[in-house]
Amino acid sequence: MQFKRSDFPQDFIFGAATSSYQIEGHQFGGAGQTHWDSFAATPGNVVRAENGALGCDHYHRFEEDFDLLAAAGFDAYRFSTSWARVLPDGRGTPNQAGLDFYDRLVDAMLERELKPCATLYHWELPQALADQGGWRNRDIAKWFGDYAEIIMGRIGDRVFSAAPINEPWCVGWLSHFLGHHAPGLRDIRATARAMHHVLLAHGTSIEVMRGLGMKNLGGVFNFEWATPVDGSEAARDAAALYDGYYNRFFLDGVFKGRYPENVLQGLGPHLPENYQDDFVTIQQPLDWVGLNYYTRKVIAPNDGPWPSHDEVDGPLPKTQMGWEIYPQGLYDFLKRTQAEYTGDLPLFVTENGMANADVLKDGHVQDTARIDYLNQHVAAAQKAMQEGVPLSGYMVWSLLDNYEWALGYEKRFGLVHVDFETLDRTPKESYSALKIALTS
Ligand code: IFM
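Criteria and cut-off values
Residues numbered from 1 in each chain as written. Predicted model: local features only at pLDDT ≥ 70, side-chain atom pairs only at ≥ 80, totals over all residues. Heavy atoms only, no water. Helix = DSSP H or I, 4+ residues; strand = E, 2+ residues; numbered from the N terminus. Rg over C-alpha atoms; globule rule 2.2 N^0.38 Å. Buried < 20%, exposed > 50% of the residue type's maximum accessible area, 1.4 Å probe, protein only. Contact = heavy atoms within 4.5 Å. Lys, Arg positive; Asp, Glu negative; His and termini not counted. Charge placed at Lys NZ, Arg CZ, Asp CG, Glu CD. Near = heavy atom within 4 Å. Polar contact = N/O pair within 3.5 Å; in protein donor to acceptor, adjacent residues only side chain to side chain. Core = buried A, V, L, I, M, F, W, Y, C linked by side-chain atoms within 4.5 Å. Pairing = 2+ DSSP bridges. Salt bridge = Lys/Arg side-chain N within 4 Å of Asp/Glu carboxyl O. Axes fitted to C-alpha atoms, helices over the stretch in contact; angles between N-to-C directions. Parallel < 35°, antiparallel > 145°, perpendicular 65-115°, else oblique. Nonpolar A, V, L, I, M, F, W, Y, C, P; charged D, E, K, R; others polar. Phe/Tyr/Trp six-rings, centres within 6.5 Å; stacked < 30°, edge-to-face > 60°. Lys NZ or Arg CZ within 6 Å of the ring centre and 35° of its normal. Expected span 1.5 Å × (residues − 1).

Q: Would you mind showing me how to read the overall build of the protein here?
A: Check the secondary structure of the protein and you find 15 helices and eleven strands. The C-alpha radius of gyration of the protein comes to 20 Å, within 12% of the 22 Å expected for a compact globule of 440 residues. Taken along its principal axes, the extent of the C-alpha atoms in the protein is 55 × 55 × 45 Å. Taking all 440 residues of the protein together, 62% fall into the buried category. Put simply, of all contacts in the protein between residues at least 6 apart along the chain, 76% involve residues at least 24 apart. Distance from the positive charge centre (37 side chains) to the negative charge centre (58 side chains) of the protein: 1 Å.

As structure tokens, then:
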């Protein structure tokens, strides 16, 4: 790598991230059905109709996975707990095997001096709650608060940090407007409600966790830089709207107690009545903010209905996801988040990384492109730090190749290669390079 640990402050945290449904093996340990199981079972939604039933079988192999993390010199592990593993019906009687699993997981991290950074929801909604409207139903905030109390009642005394919901934009817009993720809706009213309720659930669970005496509570948001396709006013407005519903909606809600005007033009009529009253809950103070960053989008206006724009193909080199590599966006978001929203609050890059068409040959994976990607993005983050952004950590997505949602198992994001037939783990070149950077 072009950086080493000693280039960073002593307490800077390097970590790697995963999520429950993508790696655990959802079929094990008494977890309940989720909306991802039914979404994946519906033809056309997921490549080869793959699901998270097996994942990387982390459920049985977590010790080996944590040994890899520790050997590479990581300080922290960002993981998520599965609502349906803890509460198979979403509410009611907890699954003791699920609670025991997360107990063991946290202890296994601590034994290796890995800081457990927990996320409460990384997208696998219990089916029983989806059946009641899921994120469209306002009651989800209460259900989520109850779930937070149960899981954090068990592991909250030992986690280093906790965040309620991974990437609210994906839960709201991607899943209810674009229909690319479960529950696969394409409905503006459902979108408006899901986007608002996700923030209400966020705030409710922060209140609950504070009530348990927990500290170091944050929020994890995903960001995509929006570049207008040309210098026209129409293109600028289109990019500003993309920026509004993708990036600003959630930070405006949490830090300013309002939603962006350009987004309200479309979503306003569909938000719940008196939604403004919920900002008291949504604005619960946070201890840190996490940014997940991968790419930018080039946005062009069109004549269609709101939001009246398209994403167009950009000129920059792309990852296996077809995402342009644009490290400048990470720098810009770190600067903007601090300047306009978070001030002195510690920031973390909670996800960054790339999918690459990695091939295992003679026991090696030569993922030079990933090493370049990580170098460029860490350099962008370092630049922001040098200019005063209080960045406290950087986490790679992902430790392991895993279930990339609607794209199945073929997009490889891991530092460690997983053979999905044998489940063998093979550290890639990027893992070895990071290990040298973090341990020497
Ligand atoms: O795999 C996902 C993860 O679940 C959330 N953030 C983006 C990653 C890559 O698409």
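Q: Sorry, what's going on with the site of the ligand here?
A: Around the ligand, the surrounding shell consists of Gln 22, His 122, Trp 123, Asn 166, Glu 167, Tyr 294, Trp 323, Glu 351, Trp 397, Glu 404, Trp 405 and Phe 413. In the model, an oxygen atom of the ligand is placed 2.7 Å from a nitrogen or oxygen of the His 122 side chain. Glu 351 places a polar side-chain atom, nitrogen or oxygen, 2.5 Å from a nitrogen atom of the ligand.

Q: Sorry if this is basic, but what is going on with the nonpolar core here?
A: Considering soluble globular proteins, one finds that nonpolar side chains tend to be buried as a cluster. The biggest cluster of nonpolar side chains holds 141 residues, and the ones touching the most others in it are Trp 36, Phe 74, Trp 83, Trp 135, Met 152 and Leu 334. If we ignore the near neighbours within four places in the chain, the residues touching Trp 36 are Tyr 21, Val 46, Trp 123, Glu 124, His 181, Ala 182, Tyr 403, Trp 405 and Ala 406. Ile 13, Ala 76, Val 220 and Met 395 belong to the second-largest nonpolar core, a separate cluster that totals eight residues.

Q: Is there a simple way to think about the environment of Leu 399 in this case?
A: As for its position among the elements, Leu 399 is in the loop between β9 (391–397) and β10 (416–418). C-alpha separation for the pair Leu 399 and Gly 353, spaced 46 residues apart in sequence, amounts to 10.0 Å.

Q: Would you explain the pairing of strand β1 (residues 13–17) in this entry?
A: Within a regular beta strand, the side chains point alternately toward one face of the sheet and then the other, so they alternate between its two faces. For β1, the tally of buried residues reaches five of five residues, placing the bulk of the element in the interior. Relative to β9, β1 runs parallel, the two being bridged by five bridges. In the sheet register, Ile 13 faces β9, and the bridge partner there is Gly 393. As judged from the three bridges shared by β1 and strand β2 (residues 76–80), these two strands associate in the parallel manner. Within β2, the position partnered with Ala 17 by the bridge is Arg 78.

Q: Explanation requested: unusual backbone geometry in the structure shown.
A: Backbone geometry follows two general trends: most residues other than glycine have a negative phi, and most peptide bonds adopt the trans configuration. Of note, the amide linkage connecting Trp 306 to Pro 307 takes the cis form, showing an omega dihedral of 10 degrees. Inspection of the secondary structure puts Pro 307 in the loop between β6 (288–301) and β7 (309–312). Geometrically, the link from Trp 397 to Ser 398 is a cis peptide bond, its omega value of 15 degrees lying close to zero. Secondary-structure assignment places Ser 398 in the loop between β9 and β10. In this model, Ala 49 sits at a positive phi of 55 degrees, which is unusual for a non-glycine residue.

Q: In this structure, what is going on with the pattern of salt bridges? I would like to understand it.
A: A pair can form between side chains of opposite charge whenever their charged atoms are brought close. Under the criterion given, the structure shown has 32 salt bridges. The residue Asp 103 makes a salt bridge to Arg 158 at a minimum N-O spacing of 2.7 Å. Within this pair, whereas Asp 103 is found in helix α5 (residues 96–111), its partner Arg 158 is found in the loop between α7 (140–155) and β4 (161–165), the two being separated by 55 residues in sequence. For Asp 103, a relative accessible area of 17% gives the class buried. A salt bridge links Glu 111 to Arg 112, with the shortest nitrogen-to-oxygen separation between them at 3.9 Å. Exposure remark for Glu 111: the relative accessible area of 60% places this residue in the exposed category. Accessibility expressed as a relative area gives 18% for Arg 112, which makes it buried. What you see here is one network of salt bridges that share partners, running through Asp 100, Asp 103, Asp 107, Arg 154, Asp 157 and Arg 158.

Q: Please clarify how the packing of helix α3 (residues 58–71) against α5 should be interpreted in this entry.
A: The description of two helices packed together rests on the angle between their axes and the distance between the axes. Contact geometry for α3 and α5: axes closest at 10 Å, N-to-C directions at 5 degrees. Relative to α5, the element α3 is oriented roughly parallel. Residue-level contacts link His 58, Tyr 59, Phe 62, Glu 63 and Phe 66 of α3 to Ala 97, Phe 101, Arg 104, Leu 105, Ala 108 and Met 109 of α5. Classifying every residue of the contact of α3 with α5 gives eight nonpolar, one polar and two charged.

Q: Before we go on, may I ask you to explain the pairing of strand β5 (residues 218–228) in this structure?
A: Burial analysis of β5 places ten of its eleven residues in the buried class, which makes it a mostly covered element. Pairing geometry for β5 and β6, over ten bridges, is parallel. Residue Asn 222 lies in a different strand from β6, and its bridge partner there is Asn 292.

Q: Please clarify how the packing of aromatic side chains should be interpreted in this entry.
A: The geometry of two aromatic rings is summed up by the distance between their centres and the angle between their planes. Considering all chains together, one arrives at 47 aromatic pairs under this definition. Both rings, one in Phe 62 and one in Phe 101, keep their centres 5.9 Å apart while their planes meet at 80 degrees; by these two values the pair is edge-to-face. With Phe 62 in helix α3 and Phe 101 in helix α5, the pair connects residues that are 39 residues apart, well separated along the chain. The exposure classification of Phe 62 matches that of Phe 101, with both residues buried. Aromatic side chains Trp 323 and Phe 413 sit 6.2 Å apart centroid to centroid with 55 degrees between the ring planes, which places their arrangement in the tilted category. Note that Trp 323 is positioned in the loop between β7 and α13 (328–342) and Phe 413 in the loop between β9 and β10, a separation of 90 residues in sequence. Through a chain of ring-to-ring contacts, the aromatic side chains of Tyr 21, Trp 36, Phe 39, Trp 123, Tyr 403, Trp 405, Tyr 409 and Phe 420 assemble into a single cluster. Its end group placed over the ring of Tyr 341, Lys 256 keeps NZ or CZ at 4.5 Å from the ring centre. Across the ring face of Tyr 326, the terminal group of Arg 296 is positioned such that the distance to the ring centre comes to 4.9 Å.

Q: Before we go on, may I ask you to explain α13 in this structure?
A: Side chains three or four residues apart in an α-helix point the same way, a direct result of the helix having 3.6 residues per turn. When the terminal C-alpha atoms of α13 are compared, their 20 Å separation across 15 residues agrees well with the 21 Å that a helix rising 1.5 Å per residue should span. Burial runs high along α13: eleven of the 15 residues are buried. Turning to α13, its buried residues are Gly 329, Leu 330, Tyr 331, Asp 332, Phe 333, Leu 334, Arg 336, Thr 337, Gln 338, Tyr 341 and Thr 342. In this structure, the buried side of α13 is in contact with β5, α10 (233–256), β6, β8 (347–351), α14 (368–386) and β9. In the segment just after α13, Gly 343 is the residue with positive phi, at about 55 degrees.

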